[in-house]
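Architecture at a glance
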Amino acid sequence: MIAFFLGSIPMGSDSLTSPTGQNLTRKNTFAQHDVTRGKPVLQDIGSELDTQDFDFFFSEEFCDPQAELKKLELAFALKTPLPLKITGGAFSVRRFVVQSLRINVRKTNRSGRIVRVEATLSLIEAPITNLRALLQSMALAAAPALARVAGGNPNVRR
């Protein structure tokens, strides 16, 4: 069974609710150097950031579509890297930022509440640029009492 999560947003937890489509794009960058005679020479510059596109849906059968839609819109607005967790035998976690979001409301009930919504989500990889800051944030998250004491007690020396 494969489960997809972007941060805490479930994009599918089984074969019935998993994304209906997924595209992964990887690119390499090359520079061309002209030579006096013959064809240009290629120089490998490196890899570009990976992108992933997902087509999926939220339905009232397995979640609250409006609540999950608000989470998606918040992730888009904040532009914060979120872990993309894909499980299915092997567990993979990489961080991505929401690059674009397309929402298509498919069904509402009589009161206007969304019952089913389809979405297309484009993500771009956000590799870790500051490992020290990441480790510090992980340590503070693991010990919230220490963060409160050090941050709120003026008698604690730094």
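Residues numbered from 1 in each chain as written. Predicted model: local features only at pLDDT ≥ 70, side-chain atom pairs only at ≥ 80, totals over all residues. Heavy atoms only, no water.

Some remarks on the overall build of the chain
Across its full length, the chain holds three helices and nine strands. Taken from N to C terminus, the helices and strands of the chain fall in the order β-β-β-β-β-β-α-β-β-β-α-α. For the chain, buried positions account for 23% of its 158 residues. Of all intrachain contacts in the chain linking residues separated by at least 6 positions in sequence, the fraction that spans at least 24 positions is 56%. Surface exposure of the chain reaches about 11100 Å², of which carbon and sulfur atoms provide 54%. (Helix = DSSP H or I, 4+ residues; strand = E, 2+ residues; numbered from the N terminus. Buried < 20%, exposed > 50% of the residue type's maximum accessible area, 1.4 Å probe, protein only. Contact = heavy atoms within 4.5 Å. Areas by Shrake-Rupley, 256 points an atom, 1.4 Å probe, with all protein chains shown as cover.)

Concerning the pattern of salt bridges
A complete count under the given rule lists seven salt bridges for this structure. Between Arg26 and Asp50 there is a salt bridge, with the nearest N and O atoms lying 3.3 Å from each other. Residue Arg26 is located in the loop between β3 (21–25) and β4 (28–33), and its partner Asp50 is located in the loop between β5 (41–47) and β6 (51–59); the two are separated by 24 residues in the primary sequence. Residue Arg26 is classed as exposed on the basis of its relative accessible area of 58%. (Salt bridge = Lys/Arg side-chain N within 4 Å of Asp/Glu carboxyl O.)

Description of the pairing of β6
Where β3 and β6 come together, five bridges link them in antiparallel fashion. Within β6, the residue paired with Leu24 across the bridge is Gln52. Pairing of β6 with strand β9 (residues 114–125) involves nine bridges; the strand directions are antiparallel. Bridge pairing in β9 links Phe56 to Ala119. (Pairing = 2+ DSSP bridges.)

Remarks on the packing of aromatic side chains
This structure, assessed with the given rule, holds two aromatic pairs. A centroid spacing of 5.4 Å and a plane angle of 75° characterise the contact between Phe56 and Phe58, whose relative ring orientation is edge-to-face. Seen from their ring centres, Phe57 and Phe62 are 5.7 Å apart, and the 75° between their planes marks the pair as edge-to-face. Lying over the aromatic face of Phe57, Arg116 brings its terminal NZ or CZ to 4.1 Å of the ring centre. (Phe/Tyr/Trp six-rings, centres within 6.5 Å; stacked < 30°, edge-to-face > 60°. Lys NZ or Arg CZ within 6 Å of the ring centre and 35° of its normal.)

A few points about the nonpolar core
Ranked by size, the top nonpolar core spans 19 residues in total, and within it Met11, Phe56, Leu121 and Leu123 carry the most contacts. For this core, the elements supplying multiple residues, two or more each, are β1 (3–6), β2 (9–12), β6, α1 (65–78), β8 (90–108) and β9. For this core, the leading source of residues is β9, giving five residues. With residues up to four places along the chain from it excluded, the contact list for Leu123 reads Leu6, Asp50, Thr51, Gln52, Asp53, Phe54, Leu84, Phe96, Val97, Val98 and Gln99. (Core = buried A, V, L, I, M, F, W, Y, C linked by side-chain atoms within 4.5 Å.)

Structural notes on the confidence of the model for the chain
Mean pLDDT over the chain: 79, with 76% of residues reaching 70 or higher. By mean pLDDT, helix α3 (residues 144–152) is the weakest element of the chain at 55, and β4 is the strongest at 90. (pLDDT = per-residue confidence, 0-100.)

Here we look at the side chain of Glu68
Position of Glu68 among the secondary structure elements: in helix α1. Discounting residues that sit within four places of it in the chain, Glu68 has contacts with Ile9, Pro10, Phe58 and Cys63.

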